[in-house]
Every structure is written in structure tokens, then in C-alpha cells.
Amino acid sequence: MAKIYGDRWEIIRSLAEGGQAHTFLVRDLKGDGEIHYVIKRLKNINRLERFKREIEAIRNLSHENIVRLIDFDLEAKEPYLVSEFCSGGSLSDAQSFWQNSPSKAFAIFHEVCEGVAYAHDHNIIHRDIKPDNIFLRTNDGPAVVGDFGICYVEDDGSRLTITEEAVGPRQFIAPELEDGRLDKISSKSDTYSLGKLLYWLFSGGKMFSREKHRMLEWDLKGRNDDSALEWNNIYMEHVNRLLDLMIVNEPENRRSVRTILRVSKKIAKLVEKEFSPISKDIPHPCKYCGYGIYKLQVKTIRNVSSFGLNLVGDPDWRIFTCDFCGHVQMFRVDLANKREWWD
């Protein structure tokens, strides 16, 4: 006979087991039984306070990109909570339909950021953002944030781990949380983990510790010396620059999740439309013929006249020509907002 919790929730089968709880797929005996839910049963009663925190966090967060709390009982012999069942599973278990689609990868990322930003608006820091804790309501989304078991509430300084205990997965945890220090926690810790999640989405599930996304072996552009452009995908440089705002050792140099969400939506368009990432180190394909690569022809004032230009004042030109069709691209670097990208 199937086990029943709270005279209502009948177990159908076991689900993936977490570190602190058993999880089961259940049906509601008070309903028609067609809709399934997830019950999480606490393993160790000594972790009850952590369990309470997860319940309180979800209970106070009503957002389309945060897992929905349905029921709970902390007084039961085996305390439990019931939440919505996301049939698409966690990101780590799902079929990676976003793998070759930057727009789908960004869509997932934006949904996660929406949920985390909402939690931040309510003074709740997740601290455990990773693919295992992001779920898909259906096989192709939307994405929702779950497992608030080690969240931190800024209002009252509550914590659920001892001061010296590190929290979060090693590959996704912010550096300041590695020693578990309470005074180091901030919403920017979630920004760091979201950066690692973004990288995971775009890299096909690759993970690394600390700040390595700019190292050659981890670069999303994919170094390829056999390619005319020397990279597999130069447009991933836009994503790298977004990661530069997130995967940073010092929290004060990271952007808020709200800012990341805004910038990320712009970056998504740059990648989708294949706008050229400005960089002296990245060759660019010709926008006219598509066969050649732009080569720098003018970087000094004395060479500008060869292109029929008469100098007025002290302009700083960069002039490129396609090595296949001769198409010309001209830039006034002295008028550029991001001049450092040229130099």
C-alpha cells in the first residue's frame, strides 16, 4: 500500500534524492489525482531549521520563475513540504535543447534571473544557484528557481549553516562564501553563481572553479587555429563580456542581478544578430562578401590620406579592408565610448 502524508499526499514513486531530504512524486487525494506534485521529506530532524527556512522563503515568494509551494507540515513525525512538479526536471537532467541556440539559452538565463532578482527584492539571497536547483515546468521551460534550503534573509541576519561551513557547490559558489563567513554574504554572491550558470548553458555543461572563463582553454569563443577567424564563434565574445561583470573575485566589482538582466537582454540581441565584437585580437569576416577578413590598414595619421581623407583637427582613425574583395570599414576611435577595446 502506498504511503500517504497528511491524509492527502499519496506517493507514486521516488525521485532524485537530495543531500538533506528524500523526494517523491505524489498525487493529491483531495483532488482528481491527475496533477502530480513533489513532496520533500526531511532526512535529519536536526536540519529542521534549514527546512523551515526553505518553506518560509518559498511561502513569501510568489513569482512565475520560482517554484510554487503547495503544502507543508513541520509538526509531523516526518516533516515535509509539497511543491509543484516540474515535468522537465532540473537543468542538469534535462535534454539540452538550448545547446545550439543562444536565444534559447538566454531565455532560460533571463527566466532564472527574473526569479532571483525577485527574491533579492524581498531580501532573500539564494546562495545555492546551480543547474540541479533550476527546474523546467515542461520539457522546454519555463525555468523556475527551486531549493531555497540554504538561503539567507538579509532582514534578520538569519543563517542556516555554522560560520565556518562553506555553502554551495564548489564550481558555482562565490569566493567569499568558501569559508562560510556570515559577514561576506550579499546579493552579489548570487550574481557570481549566475555567471557560472550562464557559462554552463553556453559551454555544453562545462564547469570550473573560480575565475577562469578568460583562460584560453575555457574561452567560449573556442580557439581554432585552423579557422580563418582563429575562433569557432567570435560572437561569444559578447557573452564573455557579460561574464566579466559577474564572475569576478571582488563582490563590489560585480553588477546586481537586475542590472545583469537588463544588460543580458541587450547582449542576447548582439549574439543573435551577429554584431561584431570590437577587439583588436579578434579577426572579423567581411560584411560584404563574407569570404575575406578585415585587415588593419590605417592606424597612424600619415596613412589616412591614402584613403582620400583630408585631416582636420587630431582624429584617431582605424581603417580596415577586406583581404578578399577590398570592402572598407572606417572608424573614428577618438569618438568611441569604449576606446580601450581598440587599444
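Keep in mind the model is a prediction, meaning the values are calculated, not measured.

Undergrad: Even after reading the chapter, I still don't get the pattern of salt bridges, so can you show me in this structure?
TA: Considering all chains together, one arrives at 29 salt bridges under this definition. Taking the shortest distance from any N to any O, the salt bridge between Glu-176 and Arg-254 comes out at 2.8 Å. In this pair, Glu-176 is assigned in the loop between strand S11 (152-153) and helix H3 (187-203) and Arg-254 in the loop between helix H4 (236-243) and helix H5 (257-272), connecting sequence segments 78 residues apart. Both residues of the pair, Glu-176 and Arg-254, belong to the buried class.

Undergrad: Explanation requested: a nonpolar patch on the surface in the structure shown.
TA: There is a patch of nonpolar side chains on the surface, built from Met-1, Ile-4 and Leu-29 and spanning about 370 Å² of accessible area. Along the polypeptide, Ile-4 turns up in strand S1 (residues 4-5). For Ile-4, a relative accessible area of 34% puts it in the partly exposed group.

Undergrad: Even after reading the chapter, I still don't get the packing of H4 against H5, so can you show me in this structure?
TA: Each pair of packed helices can be summarised by the angle the axes make with each other and by the distance between the axes. At a closest axis distance of 9 Å, the pairing of H4 and H5 adopts a crossing angle of 170 degrees. Judged on the interaxial angle alone, H5 and H4 are roughly antiparallel. Of H5, the residues touching H4 (which contributes Met-236, His-238, Val-239 and Leu-242) are Ile-260, Val-263, Ser-264, Ile-267, Leu-270 and Val-271. Broken down by class, the residue content of the contact of H4 with H5 amounts to eight nonpolar, two polar and no charged.

Undergrad: Quick question: what am I supposed to make of the packing of H3 against H4 here?
TA: At a closest axis distance of 10 Å, the pairing of H3 and H4 adopts a crossing angle of 160 degrees. Judged by the inter-axis angle, H3 sits roughly antiparallel to H4. Relative to H4, H3 is oriented so that their crossing is left-handed. In this structure, H3 contributes Gly-195, Leu-198, Tyr-199 and Phe-202 to the contact, and H4 contributes Met-236, Val-239, Leu-242 and Leu-243. A per-class count over the contact of H3 with H4 returns seven nonpolar, one polar and no charged.

Each value, and the rule that gives it
- Residues numbered from 1 in each chain as written.
- Predicted model: local features only at pLDDT ≥ 70, side-chain atom pairs only at ≥ 80, totals over all residues.
- Heavy atoms only, no water.
- Salt bridge = Lys/Arg side-chain N within 4 Å of Asp/Glu carboxyl O.
- Helix = DSSP H or I, 4+ residues; strand = E, 2+ residues; numbered from the N terminus.
- Buried < 20%, exposed > 50% of the residue type's maximum accessible area, 1.4 Å probe, protein only.
- Patch = residues over 30% accessible without salt bridge, like charges linked within 9 Å, V, L, I, M, F, W, Y side chains within 5 Å.
- Areas by Shrake-Rupley, 256 points an atom, 1.4 Å probe, with all protein chains shown as cover.
- Axes fitted to C-alpha atoms, helices over the stretch in contact; angles between N-to-C directions.
- Parallel < 35°, antiparallel > 145°, perpendicular 65-115°, else oblique.
- Contact = heavy atoms within 4.5 Å.
- Nonpolar A, V, L, I, M, F, W, Y, C, P; charged D, E, K, R; others polar.
- Left-handed = near helix turned anticlockwise from the far one by under 90°.

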